[in-house]
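Architecture and fold: a report
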Amino acid sequence: MIPEELLCLGERPLLVICDYDGTLAPIAVHPSRAFPQRGAAQALEALQRHGKHRLVVLTGRRAQEVHGFLGVAGLRVIGLHGLEWPGRPEQPRDRAAIQQIVSRLPQVEGMWLEDKGWTLAVHYRDTPEPLQPKAAALLAAVPLPEGWEAMPGKKVCEYRPVGYGKGWAIGQLALEHPQHHPVFVGDDRTDEEGFAAVLGLGGTAVKVGGGESLAPYRLGNSLEVVELLTLWARGCG
Ligand SMILES: [Mg+2]
């Protein structure tokens, strides 16, 4: 069920900021298989055509991967938790830091690495379930080079340089669009900093799925996200 309040957010046009995995796409067994929810691309296209609302996809992935999945021309995608920002100079990669983190990782069955160039994600989705809490704890405790932080997510721990993150990115977007009412839709622990930021700006936070969250509003799954985006594109909101 879509909370009715989300269809009457006030007079200001919306700045809709949407996570990708688990939000526009159901969580997949492997990141390469995270195909968008049926109707997601059409809903995003419709929202883009809306005269006043603004739309941004904000993801921990490389932006090009999300473009590959969605194929929506002109869609604004901010990647790598804000490190990859269209129109801004490319950030330097700290390969020495990533190598240092890799050398300190614990050995856990089924664990695998996703090196994104600027950040590093360590997945333990394929680790036998009884070992997963231990994997999470070990990954969170890896000693990090100065200026790096760990971000635990859904059966993944991501390491990234400090100073970025979805909360920071939402603050930047709100500065660009001061007339818009910011709304952030996300599903994971990494999105909580985004919820905090959007609430701090007087905006709206929407959590997809279960689990504790700062977000006052809930959607059940990515199907409902697509429904909500479609309704916003039609002028509700
Ligand atoms: Mg997500």
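Residues numbered from 1 in each chain as written. Predicted model: local features only at pLDDT ≥ 70, side-chain atom pairs only at ≥ 80, totals over all residues. Heavy atoms only, no water.

Examining the overall build of the protein
Broken down by element type, the protein carries seven helices and 10 strands. For 237 residues, the compact-globule estimate of 2.2 N^0.38 gives 18 Å, and the C-alpha radius of gyration of the protein, at 18 Å, lies within 12% of that figure. If you line up the protein on its principal axes, its C-alpha atoms span 50 × 40 × 30 Å. Here the protein holds 237 residues, and the buried ones make up 52% of them. Considering only contacts in the protein between residues 6 or more positions apart, those separated by 24 or more positions represent 59%. (Helix = DSSP H or I, 4+ residues; strand = E, 2+ residues; numbered from the N terminus. Rg over C-alpha atoms; globule rule 2.2 N^0.38 Å. Buried < 20%, exposed > 50% of the residue type's maximum accessible area, 1.4 Å probe, protein only. Contact = heavy atoms within 4.5 Å.)

Digging into the sheet that holds strand 8 (residues 181–186)
Spatial ordering of the open sheet is given by 3-2-1-8-9-10, a layout of six strands whose pairing is parallel. Each edge of the open sheet is held by one strand with a lone partner, namely strand 3 (77–78) and strand 10 (217–219). (Pairing = 2+ DSSP bridges.)

Quick word on the sheet that holds strand 7 (residues 156–161)
Read from one edge of the open sheet, four strands run 4-5-7-6, paired in antiparallel fashion. Edge positions in the open sheet fall to strand 4 (112–115) and strand 6 (148–153), since each of these has one partner strand only. Averaged over all pairs of adjacent strands, the angle between strand axes in this sheet comes to 20°, irrespective of strand direction. Summarising the sheet, strand 6 and strand 7 pair through six bridges and their orientation is antiparallel. Residue pairing across strands places Glu149 opposite Arg160, the latter belonging to strand 7. (Axes fitted to C-alpha atoms, helices over the stretch in contact; angles between N-to-C directions.)

Some thoughts on the packing of aromatic side chains
Each aromatic ring pair is summarised here by two numbers: the centre-to-centre distance and the angle between the ring planes. Overall, the coordinates contain five aromatic pairs when judged by the stated rule. Residues Tyr20 and Phe69 carry aromatic rings whose centres are separated by 5.6 Å and whose planes lie at 10° to one another, so their mutual orientation is stacked. Taken together, the positions of Tyr20 in the loop between strand 1 (14–18) and helix 1 (40–49) and Phe69 in helix 2 (residues 63–70) put the pair 49 residues apart, joining distant regions of the chain. The pair formed by Tyr20 and Phe69 is uniform in burial state, with each residue classed as buried. Relative to Trp168, the ring of Trp85 has its centre 5.7 Å away and its plane inclined at 75°; by these criteria the two rings are edge-to-face. Here Trp168 lies in helix 5 (residues 166–176) and Trp85 lies in the loop between strand 3 and helix 3 (95–104), a separation of 83 residues in the sequence. (Phe/Tyr/Trp six-rings, centres within 6.5 Å; stacked < 30°, edge-to-face > 60°.)

Observations regarding the coordination of the magnesium ion
The protein atoms that coordinate the magnesium ion are Asp19 (OD), Asp21 (O) and Asp187 (OD), at distances spanning 2.1 Å. Summarised as a motif, the one-chain spacing of the donors to the magnesium ion is D-x1-D-x165-D. When its relative accessible area of 4% is taken as the criterion, Asp19 is described as buried. (Donors = N, O, S within 2.8 Å, 3.2 Å for Na, K, Ca; no water.)

Focus: the side chain of Lys207
In this fold, Lys207 is placed in strand 9 (residues 204–208). The side chain of Lys207 sits in the buried core without any salt bridge; Glu192 is the nearest counter-charge, 4.4 Å away. Non-local contacts of Lys207, meaning those with residues more than four positions away in its chain, are made with Gly186, Asp187, Asp188, Glu192, Phe195, Glu212, Ser213, Ala215, Tyr217, Arg218 and Leu219. (Lys, Arg positive; Asp, Glu negative; His and termini not counted. Salt bridge = Lys/Arg side-chain N within 4 Å of Asp/Glu carboxyl O.)

Details of helix 3
Within helix 3 the residues assigned to the buried category are Ala97, Ile98 and Ile101. Viewed along the axis of helix 3, the buried residues span an arc of 100°, placing them on a single side of the element. Residues of helix 3 that are exposed and angled more than 90 degrees away from the buried face: Ala96, Gln99 and Ser103. Packing partners of the buried residues in helix 3 comprise strand 4, strand 5 (120–123), strand 6 and strand 7. (Arc of directions from axis to C-beta.)

Description of the domain arrangement of the protein
Segmentation of the protein into domains returns domain 1 (4–83 + 164–234) and domain 2 (95–160). For domain 1 versus domain 2, the distance between C-alpha centres works out to 25 Å. Taken together, the contacts link 19 residues of domain 1 with 13 residues of domain 2. Taking both partners together, domain 1 and domain 2 bury about 1400 Å²; carbon and sulfur atoms supply 59% of that area. The interface formed by domain 1 and domain 2 holds two salt bridges in total. Residue Lys154 pairs with Asp187 through a salt bridge whose shortest N-O separation is 2.6 Å. (Domains from an automatic or database assignment. Buried area = accessible area lost by both parts, 1.4 Å probe.)

What to know about the nonpolar core
Core analysis: the biggest nonpolar cluster contains 36 residues, and Tyr20, Leu24, Leu70, Leu229 and Trp232 have the highest contact counts within it. Of all the elements in the fold, those that place two or more residues in this core are strand 1, helix 1, strand 2 (54–58), helix 2, strand 8, strand 9 and helix 7 (222–233). A total of six residues in this core trace back to one element, the largest contributor, which is helix 7. Judged by nonpolar contacts, the second largest core, of 15 residues, contains Tyr124, Ala135, Trp148 and Cys157. (Core = buried A, V, L, I, M, F, W, Y, C linked by side-chain atoms within 4.5 Å.)

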